[in-house]
Amino acid sequence: MSDVRVKFNLTNGEDGQDEDIFNPPAPLLAGAHCSGLQNYHDLYRTSINDADGFWRNVASDLHFEQGTSKGLEYNFDAKAGPVYCKFMDGAKTNISYNCLERNIKRGLGDKIAYIFEGNEPSDVSTWTYKELHAQVVQFSAVLRAHGVQRGDVVALYLPMIPELAVAMLACARIGAMHSVVFAGFSAESLAARVVDARCRVVVTADGVFRGAKPIGLKSIADAAVALAAQEDVKVEAVIMVEHLKRVTKPDGVELPKADYSEITFVYETEMQKCSGIDSPVEWMDAESPLFLLYTSGSTGKPKGIQHTTAGYMTYAYATTKYTFDTKDDDVYWCTADCGWITGHSYLLYGPLMNGLKGIWYEGVPTYPTPSRMWDAVDKYGVTKLYTSPTAARALMALGNKWLESTSRKSLKVIGTVGEPINPAAWMWLYKKVGLSNVSIVDTYWQTETGGHMITCLPGATPMKPGAAAMPFFGASPVLLDAEGRVIEGPGEGSLCFDRAWPGMMRGIYGDEQRFVKTYFAPFNGYYFTGDGARRDEDGYLWITGRVDDLMNVSGHLLSTAEIESALVAHEKVAEAAVVAAPHDIKGSFPYAFVTLNVGEKIDEKLVAELKKMVREKIGALAVPDVIQEAPGLPKTRSGKVTRRILRKIAEGSESGIGDTTTLVDESVIKQLISGRSARA
Ligand code: WTA
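Residues numbered from 1 in each chain as written. Predicted model: local features only at pLDDT ≥ 70, side-chain atom pairs only at ≥ 80, totals over all residues. Heavy atoms only, no water.

## Digging into the environment of Asp442
How we decide: Counting from the N terminus, the helices are the DSSP runs of H or I reaching at least four residues and the strands are the DSSP runs of E reaching at least two. Only heavy atoms enter the contact rule, under which two residues are in contact if any of them lie within 4.5 Å.
Assignment of secondary structure puts Asp442 in strand 22 (residues 439-443). C-alpha of Asp442 to C-alpha of Gly466: the two residues are 24 residues apart in sequence and 7.5 Å apart in space. If near-sequence neighbours (up to four positions away) are discounted, Asp442 is found in contact with Thr416, Ile421, Ile454, Thr455, Cys456, Gly466, Ala467 and Ala468.

In structure tokens form, the structure reads like this:
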């Protein structure tokens, strides 16, 4: 019924074909929080013209222990004064209270907050809001017993198990900042984050299964603690969940052993010790820090993105409500890992504040079979599904037969995030997965923005496959040309925002200068995203990708500089340059060029050693798929590596290399091209 192409002729796609545009399904329009395009435009106008009124109205759904007359205050003009943003300054609240007690008080105590679905389909538990609350209070007492106070940073190196939700909410309850570190990161990456924020407490698990493969997390955490000690950061407690003890184990697998060192405290034992202890909520100032989340930086050192309380809370609440058009009877599933911002805003905080029944999934989408996601959709009657283009492409590539045993008829909205979605994957989600009965919301945003910035709304925005589409309420995108001039109307440029929104980051932990330099110096007066975008004739925004030295691999941002420094740490490597090359499933992959020291030659052993080096220093997701020996790197006279050229070589599109006359030595290009074909 809803597979109606309302217009077929708005703009031309890259291949010269007319683009399709799809209306939201009629049942989604009826009763939507934002219903119809006119309603969107009206609300959007209010959110810009009367931002304070708009956000006060949204915030009135939430609990503030103390109110304020203040709204959004900010300065983006670094030349005029310090860059800052404040929201509801003077108010007091607590996001954990808003997720738990507030919902219990409005009668949702016995509603299921999460269905925790383990790696093995048989490992399932359900927790009501009351049950989750009880665990959170108890764990907050454990943290307090270990001396954690307001303002401290607690590192959470945990897989996607219930205790991660508990630990995040427990930190927020007592005003400690959580710093979740993706459990696929290496000991060195974890150590760097522990050191940067001087964490004294690390919460981890003995291990986890990723599909059929066991991973010993505790030994990685222990190695990180030892590395941190070398930097004079002394971790006093490693609280460990004994997760492996309770899971169903695939046959014949040997479990990793966890070491019970002096500073190891078993989660379950600590919880028992604190049973029945009252551990009250800390009422936090609107602008007090809520959490840190590290993201890649173009200089290589990860940035501790800092979010604060009231603004992040209000924005995560509002974006969840409108982008997924949340309803009381929704079954909501965000497949993201809490190691990334999507897990923070749209698996934990946003859905809980909206009182939703959510699914919290530990595993991977293809285990035990590529039907796993669709089986779970049917099993639980999932209405709103939030996933990534990479997952969609990977499942699509495995064939439609994995869809056939399931109906997926409960689905109403499918969201994607993390990278641009190609029209083919969009159409697959829309037609094959969603049976043309869903809205697809391609949500563009960043760790730094806290929540969605550009997206369709499911009951309002006609959809174009591949376009992130329209700004969220209060978000004011502008495209700037290389000279910093605003591009009006259709065109392509650097994507910036010209005003603050409540959920924006408030700084980089411990590095105010880098905050201004990275986001506000490139275009004075604007927040710069680091992405490019195109605006079409209908005002739809299409994200074209990073314009800086970050690359997006499977929706994860990686720094080329960080991978390069891992490679040059090898004694045989003199120099390295890493670029993003296109990949059918991952979107792009790291392609490394390495110049070896005189007399060294590349062989399989060295390639394996280099890959191991990157895995150990950063994590498996950063390992280059291709490592090519480069007798020399193309450089300008000032010594700058011309990545533009390396990208073309990695892509295999030598013809597009363009002008090379500014290079010191043009002959290296020929060598690199022939080196490439030898490897391809
Ligand atoms: C990219 C993830 C195109 C973009 C929430 C951004 C996207 C970076 C989209 C942030 C999208 C995210 N379309 N590109 N819908 N969503 N990106 O901080 O390059 O992990 O700057 O936050 O991912 O990645 P981050």
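Alright, that's what it looks like, and here's the rest.
## Focus: the environment of Gly450
Filter applied, for reference: Exposed residues in this analysis have more than 50% of their type's maximum accessible area, buried residues have under 20%, and partly exposed residues fall in between, with area computed by a 1.4 Å probe over protein chains only.
Tracing the backbone through its elements, the reader meets Gly450 in the loop between strand 22 and strand 23 (477-480). Exposure remark for Gly450: the relative accessible area of 1% places this residue in the buried category. Counting along the chain gives 106 residues from Gly450 to His344, while the straight-line C-alpha distance between them is 8.9 Å. When neighbours within four sequence positions are excluded, Gly450 is seen to be in contact with His307, Tyr312, Ser345, Trp445 and Gly503.

## As for the nonpolar core
Definition in use: For our purposes a nonpolar core is just a set of buried Ala, Val, Leu, Ile, Met, Phe, Trp, Tyr and Cys residues, chained together by side-chain atoms within 4.5 Å.
Ranked by internal contacts, the top residues of the largest apolar core, which has 202 residues, are Leu132, Phe139, Tyr349, Trp360 and Leu567. Not counting chain neighbours up to four residues away, the residues in contact with Leu567 comprise Val573, Ala576, Val578, Ala592, Val594, Leu610, Val614 and Ile627.

## Focus: the sheet that holds strand 26 (residues 527-535)
Note on sheets: strands pair through backbone hydrogen bonds, and any given pair is parallel or antiparallel. Note the following rule: The pairing criterion is simple: DSSP has to find at least two bridges between the two strands. Note on definitions: angles span 0 to 180 degrees between N-to-C directions of axes, and those axes are lines fitted to C-alpha atoms, for helices only across the stretch in contact.
Read from one edge to the other, the open sheet built from four strands follows the order 23-24-26-27, with strand pairing classed as antiparallel. Two strands in the sheet have a free side with no partner beyond their single neighbour: strand 23 and strand 27 (541-546). Strand after strand, the sheet turns through a mean of 45 degrees between neighbouring axes, direction not considered. The pairing of strand 23 with strand 24 (residues 491-497) spans four bridges and is antiparallel. Among the inter-strand pairings, Val478 is bridged to a residue of strand 24, identified as Cys496.

## A short note on the UniProt feature "domain: AMP-binding enzyme C-terminal" (unreviewed entry) in the chain
The condition is simple: UniProt positions are given in the numbering used here, feature names are shortened, and annotations may be inferred rather than shown by experiment.
The feature "domain: AMP-binding enzyme C-terminal" (unreviewed entry), as given by UniProt, occupies residues 562-640 in the numbering adopted here. Structurally, residues 562-640 is divided into 27% helix and 32% strand, and its ends, taken at the C-alpha atoms, are 17 Å apart.

## Observations concerning the pattern of salt bridges
As a reminder, the rule being used: The term salt bridge refers to a pairing of a side-chain nitrogen on Lys or Arg with a carboxyl oxygen on Asp or Glu at a separation within 4 Å.
This structure, assessed with the given rule, holds 38 salt bridges. Between Glu483 and Arg485 there is a salt bridge, and its shortest N-O distance comes to 3.2 Å. Accessibility assignment for this pair places Glu483 and Arg485 in one class, exposed. Across the pair Glu575 and Lys635 runs a salt bridge whose closest N-O atoms are separated by 2.6 Å. With Glu575 in strand 30 (residues 573-583) and Lys635 in the loop between strand 32 (626-629) and helix 20 (643-651), this residue pair connects regions lying 60 residues apart in the sequence. Note on Lys635: relative accessible area 24%, which makes it partly exposed. Residues participating in the shared-partner salt-bridge network are Glu117, Arg372 and Lys379.

## Some remarks on the packing of helix 5 (residues 101-108) against helix 6 (residues 129-145)
Basically, it comes down to this: Oblique is the label for every angle not falling under 35 degrees (roughly parallel), over 145 degrees (roughly antiparallel), or within 65 to 115 degrees (roughly perpendicular). Handedness of a crossing is defined here by the sense of rotation of the near helix relative to the far one, left-handed for an anticlockwise turn of less than a right angle and right-handed for a clockwise turn. Gly counts as polar in this scheme, as do all residues outside two lists: the nonpolar Ala, Val, Leu, Ile, Met, Phe, Trp, Tyr, Cys and Pro, and the charged Asp, Glu, Lys and Arg.
Put simply, helix 5 and helix 6 touch, their axes get as near as 10 Å, and they point 150 degrees apart. With respect to helix 6, the element helix 5 is oriented roughly antiparallel. Pair helix 5 / helix 6 crosses with left-handed handedness. Two secondary-structure elements touch here, helix 5 through Glu101, Asn103, Ile104 and Leu108 and helix 6 through Tyr129, Lys130 and His133. The residue inventory of the contact of helix 5 with helix 6, partitioned by class, reads three nonpolar, two polar and two charged.

## Description of the packing of helix 3 (residues 51-59) against helix 11 (residues 309-323)
Packed helices, taken two at a time, are described by the angle their axes make and the gap between the axes. With their axes 10 Å apart at the nearest point, helix 3 and helix 11 run at an angle of 80 degrees to one another. Comparing the axis directions of helix 3 and helix 11 gives the class roughly perpendicular. Here Trp55, Val58 and Ala59 of helix 3 come into contact with helix 11, specifically with Thr314, Tyr315, Tyr317 and Ala318. Broken down by class, the residue content of the contact of helix 3 with helix 11 amounts to six nonpolar, one polar and no charged.

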